[in-house]
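Residue-level structural notes
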Amino acid sequence: MNWLKIYLPTYLLCYFAIAFILPTWRAYRQTGIWPVTFGRSASAHDYLSRLMKWLVSGLFLSTTFYALGDPVYRWLVPVTYLQIKALHITGLVLIHLSLAWIFIAQLQMGNSWRIGIDADHPTTLVTLGLFSISRNPVFLGMIVTAWGLFAILPNALSFFTALGSYWIIQVQIRLEEAFLQQQLGAIYRQYQKKTKRLLL
């Protein structure tokens, strides 16, 4: 599937533009508040952001090595028995559905969009739309994207990137839950009771 060598890196660039750059710019333009709250401290919150940057780099490295051809891609230890058309198609469907899912969730968040925990500028709790079936639809979309890319390019790096993304996101979710419980109290606890953390 030679077209994937060009398409996948291009898709990732579009993905991060749509999933992160566009909503960040939109929220900043409408509120005047910079929605990226991660810093450089030694806190768990900021440490997770640095880990996530490494995992994002893993996604780009996986697609870049694939684009450079088999001699380079072999450095990532491809799982040859998983290199089948059905998984490729499944992965392609997943990464595109997850991007659409994330885009819709971000539109529904509106000016409540943040990257990280914003203790200085409280936002409205969004519970409608996709947030009525998942408390963290954007995180869910990110997890699905990582595993979708593994299905397309099954190798050691894409596997550990997907697995690492899942666990880091799970920790970030719990940090945000603790913050929201402190800020909103019973309102958030009631939301937790009726809506799943991810989907299942």
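Everything below is about the structure printed above this text.
Presented here is an overview of the structure given in this document.

The rules we used
Chains are numbered independently. Their residues run from 1 in the order of the written sequence. For this predicted model, a pLDDT threshold of at least 70 governs which residues receive local features, and a threshold of 80 or more governs which side-chain atom pairs are given and counted, while totals over whole chains, interfaces and linings are taken from all residues. Derived side-chain values reflect all non-hydrogen atoms in the structure, with water molecules and hydrogen atoms excluded from consideration. Here a strand is any run of E in DSSP of at least two residues, a helix any run of H or I of at least four, and the numbering for each starts at the N terminus. Only protein chains enter the accessibility calculation, which uses a 1.4 Å probe; a residue is then buried when its area is under 20% of its type maximum, exposed when over 50%, and partly exposed in between. Ring pairs shown here join Phe, Tyr and Trp side chains whose ring centres sit within 6.5 Å, with only the six-membered ring taken for Trp; geometry is labelled stacked below 30 degrees between planes, edge-to-face above 60, and tilted in between. The rule for a charge over a ring is simple: NZ of Lys or CZ of Arg within 6 Å of the ring centre, and within 35 degrees of the ring normal. For salt bridges, the criterion is a side-chain nitrogen of Lys or Arg within 4 Å of an Asp or Glu carboxyl oxygen. Take the residue count of a helix, subtract one, and multiply by 1.5 Å to get its expected span. Nitrogen and oxygen atoms within 3.5 Å of one another constitute a polar contact, given that in protein one can donate a hydrogen and the other can accept it, and given that sequence-neighbouring residues count only through two side-chain atoms. The set of buried Ala, Val, Leu, Ile, Met, Phe, Trp, Tyr and Cys residues whose side-chain atoms join them within 4.5 Å is what this entry labels a nonpolar core. Contact between two residues is taken to exist if any of their heavy atoms lie within 4.5 Å; hydrogens are not considered.

Examining unusual backbone geometry
- Here the phi dihedral of Val77 falls at roughly 55°; this positive angle occurs in a residue that is not glycine.
- As for its position among the elements, Val77 is in the loop between helix 3 (70-73) and helix 4 (85-109).
- Taking relative accessible area as the criterion, Val77 reaches 53% and is therefore assigned exposed.

Observations regarding the packing of aromatic side chains
- This model, assessed by the stated rule, comprises 15 aromatic pairs.
- The interplanar angle of 55° and the centroid separation of 5.7 Å between the aromatic rings of Trp3 and Tyr7 together place this pair among those described as tilted. On the criterion of helical spacing, the pair formed by Trp3 and Tyr7 is a turn pair, its members being four residues apart in helix 1 (residues 3-31).
- Here Trp3 falls in the partly exposed class, since its relative accessible area comes to 46%.
- Classification of Tyr7 as partly exposed rests on a relative accessible area of 31%.
- The cationic tip of Lys5 hangs over the ring face of Tyr66; the distance from NZ or CZ to the ring centre is 5.9 Å.

Describing the pattern of salt bridges
- One pass over the full model with this rule turns up three salt bridges.
- Of the charged contacts in the structure, one is a salt bridge between Asp118 and Arg114, with a shortest N-O distance of 2.8 Å.
- On the basis of relative accessible area, Arg114 is assigned to the buried category, the value being 13%.
- Ionic pairing is found between Arg135 and Glu177, a salt bridge with its closest N-O pair at 2.5 Å. Highlighted residues: Arg135 in the loop between helix 4 and helix 5 (137-152) and Glu177 in helix 6 (residues 156-184), separated in sequence by 42 residues.
- What makes Arg135 buried here is its relative accessible area of 10%.

Structural notes on helix 6
- The end-to-end C-alpha distance of helix 6 is 41 Å, a good match for the 42 Å that 29 residues give at a rise of 1.5 Å each.
- Of the residues flanking the start of helix 6, the one acting as N-cap is Asn155, its side-chain oxygen 3.0 Å from the backbone nitrogen of Leu157.
- Two residues or fewer after helix 6 comes Gly185, characterised by a positive phi angle close to 60°.

Considerations on the nonpolar core
- Counting residues in hydrophobic clusters, the biggest one holds 43 residues, and the most contacted among them are Tyr15, Phe20, Met142 and Ile152.
- Looking at this core, the elements that each hand over two or more residues are helix 1, helix 2 (44-67), helix 3, helix 4, helix 5, helix 6 and helix 7 (186-194).
- Sorting elements by how many residues they give to this core places helix 1 first, with nine residues.
- The contacts of Ile152, once residues within four sequence positions are left out, are Leu4, Leu8, Leu87, His88, Gly91, Leu92 and Ile95.

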